[in-house]
Amino acid sequence: MSSERDAGGGFSMELGPDLREMRDWVHEFAATVIRPAGSEWDEREETPWPILEQASKIGLYSLDFFGQQWLEPSGLGIPVAFEELFWGDAGIALSLVGTCLAAAAVGNGTPEQMAEWLPLMFGDADDVKLGAFCVSEPDAGSDVAAIRARAVYREATDEWALNGAKSWVTNGGIANVHVVVASVDPALGSRGQATFIVPPGTPGLSQGQKIRKHGIRASHTAEVVLDDVRVPGRCLVGGKEGFDARLAKSREGGSIGDQAAMKTFEATRPSVAAMAVGVARAAYEYARDYSVGRVQFGRPIGQTQAIAFMLADMSAAIDAARLLTWRAAWMARQRKRFDHAEGSMSKLVAGETAVRVTEQAIQILGGNGYSREYPVERWHRDAKIFTIFEGTSEIQRMIIGRAATGLDVR
C-alpha cells in the first residue's frame, strides 16, 4: 500500500519504496543467515545467540528497527518484516522477534516507562538482551480470567509483591526484562488484573522447566517462577493512579475497556498472522520449485493436475491470508476498531493456512517431504503453533462469532 497517491484515485496495493527497501534488506538476511542455520538450531533446541548478535550488529535486532516498523504510517512495516524473517526459519525468527510482545505490553504504559524499559529489552550489538511477556499459567491459557499469579501492593515501601508461576513464556528466565500479568483483585476476574515490569536481576524470579517443543525449537520457552518478587511502584504499567481508577469503576459495574493482556494480544494478532504467512510462503515456494525439477513418468510432477491444482490452492490461500493480515495491520495503525474481529480473522486464516500449506508441501515432496533432509518437515512442525499461541483458532472463531451475531458466544 503506497503512501503516494496514484493516478487510479489514490488507492494502491503496491508497497512504497521505503517498505520495499526494508523488505529486501530483511529478506537478504533471512536468505543468507537465517535459513541456512534453521536445521542446526532446530536440532540444538537452543537460543541462536550468534544470529541474534549478527542481527544486532546490522541494526535488525534493535529497538530502533522494530520501533520504526511499528510506527510506519501504513501499518505494514511489522507484517512485511515478520513475513520475511519467518520465511527464513520460524524458530530463529521467533528468537529475533519474541521480545516485541513484551515491548508491546510496555507500549501500553507511560512515556517514562517506555523510555526506561524498552532499551533494556534489546541491549546493543556488544550485549544483546531479551524481553519476555509472562501471561499463560498451567491452569490459565486461553482463559486469561483464570490467572492465579497475585500482585499485592505494599504501601509502606511503595512496591508490589508478585507470587505465582507462569508457563509457555518465550524467553522466560533468560530475558533481561520480564513483563508479568497478575491479578490484583481476583474477584473481578480479568478486570482486576494489571501488568508489571520486573527489572533485571530482581530477586525471586527464576526459570522453571524449559519446555521441549514440537516445533519452533530454536526459540526458548520455559516456565517462570515468581517467589515474593518485589518491584517498585513505578513498575505498574500505566501507573497506579490510572489503575486504581479503573478498579474503582469496575467494582461499581462500569466498563473499563480491554483487559491488559487482551489489549496486547489484539494489537499483535496481525503480526502473528504475518509470521504464519511467512512459513506458508516458504513451504509453497519450496514445493513449487521441487515440482518443476522433479521428473516422474517422463515429465515434471508440476505438470500433472493433481500437483498443479494443489499449488494453485496453496498460492491463493497464502495471498488471501496476507491480504487479511495487511488489512488488520492497516486498521490497527489507523486506530480503527476491529468491529468485525478483523484482527482475529487475520490470525485464524493465516495460522490454519500455514498448517494446511506445509502439509500439502510434504505431500508434494512425498517421502522426501517426510525426511529431515528437507525443510518442509520442519516448517510443518513450526506451523502448528500458529493455531495455538496468542489465542487458539477456537478462541478466534469465538471472537469472530460474537462480532458476527452480537451474541455472547461461549
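All values reported here derive from a predicted model rather than from experimental measurement.

Scoring rules and cut-offs
- Residues numbered from 1 in each chain as written.
- Predicted model: local features only at pLDDT ≥ 70, side-chain atom pairs only at ≥ 80, totals over all residues.
- Heavy atoms only, no water.
- Helix = DSSP H or I, 4+ residues; strand = E, 2+ residues; numbered from the N terminus.
- Rg over C-alpha atoms; globule rule 2.2 N^0.38 Å.
- Buried < 20%, exposed > 50% of the residue type's maximum accessible area, 1.4 Å probe, protein only.
- Contact = heavy atoms within 4.5 Å.
- Areas by Shrake-Rupley, 256 points an atom, 1.4 Å probe, with all protein chains shown as cover.
- Lys, Arg positive; Asp, Glu negative; His and termini not counted.
- Charge placed at Lys NZ, Arg CZ, Asp CG, Glu CD.
- Salt bridge = Lys/Arg side-chain N within 4 Å of Asp/Glu carboxyl O.
- Phe/Tyr/Trp six-rings, centres within 6.5 Å; stacked < 30°, edge-to-face > 60°.
- Lys NZ or Arg CZ within 6 Å of the ring centre and 35° of its normal.

(A) A look at the overall build of the protein. Helix and strand content of the protein: 13 helices and 11 strands. In terms of overall size, the protein behaves like a compact globule, its C-alpha atoms giving a radius of gyration of 22 Å where 410 residues would be expected to give roughly 22 Å. For the protein, the spread of C-alpha atoms along the three principal axes comes to 80 × 50 × 40 Å. Each of the 410 residues in the protein was classed as buried or not, and the buried ones make up 52%. The contacts of the protein with a sequence gap of at least 6 include a subset with a gap of at least 24, amounting to 72%. When the accessible area of the protein is evaluated, it comes to approximately 18600 Å², of which 51% is carbon and sulfur surface. A gap of 4 Å separates the mean positions of the 43 positive and 52 negative side-chain charges of the protein.

(B) Spotlight on the pattern of salt bridges. The full count for this structure, using the stated rule, is 27 salt bridges. Across the pair aspartate 24 and arginine 23 runs a salt bridge whose closest N-O atoms are separated by 3.1 Å. Measuring nitrogen to oxygen at the nearest pair gives 3.0 Å for the salt bridge that ties aspartate 185 to arginine 251. Of the two residues, aspartate 185 sits in the loop between β6 (177–183) and β7 (193–198) while arginine 251 sits in helix α8 (residues 240–251), which places them 66 residues apart along the sequence. Residue classification places aspartate 185 among the buried residues on the basis of a relative accessible area of 15%. According to the relative accessible area criterion, arginine 251 is exposed, its value standing at 53%. Several salt bridges share partner residues, and in doing so they unite Glu83, Glu84, Arg281, Glu285, Asp319 and Arg322 into one network.

(C) Structural view of the packing of aromatic side chains. This model, assessed by the stated rule, comprises 13 aromatic pairs. A ring pair is formed by tyrosine 286 and tryptophan 379, whose centres lie 5.9 Å apart and whose planes are at 80°; its orientation type is edge-to-face. Of this pair, tyrosine 286 sits in helix α9 (residues 260–293) while tryptophan 379 sits in helix α12 (residues 376–383), and the two are 93 residues apart along the sequence. Judged by relative accessible area, tyrosine 286 falls into the partly exposed class, the value being 27%. The buried category is assigned to tryptophan 379, whose relative accessible area is 2%. Taking the ring centre of tryptophan 87 as reference, the NZ or CZ of arginine 35 above it sits at 3.6 Å. Between arginine 44 and the ring centre of tryptophan 41, over which it is positioned, the NZ or CZ distance is 4.0 Å.

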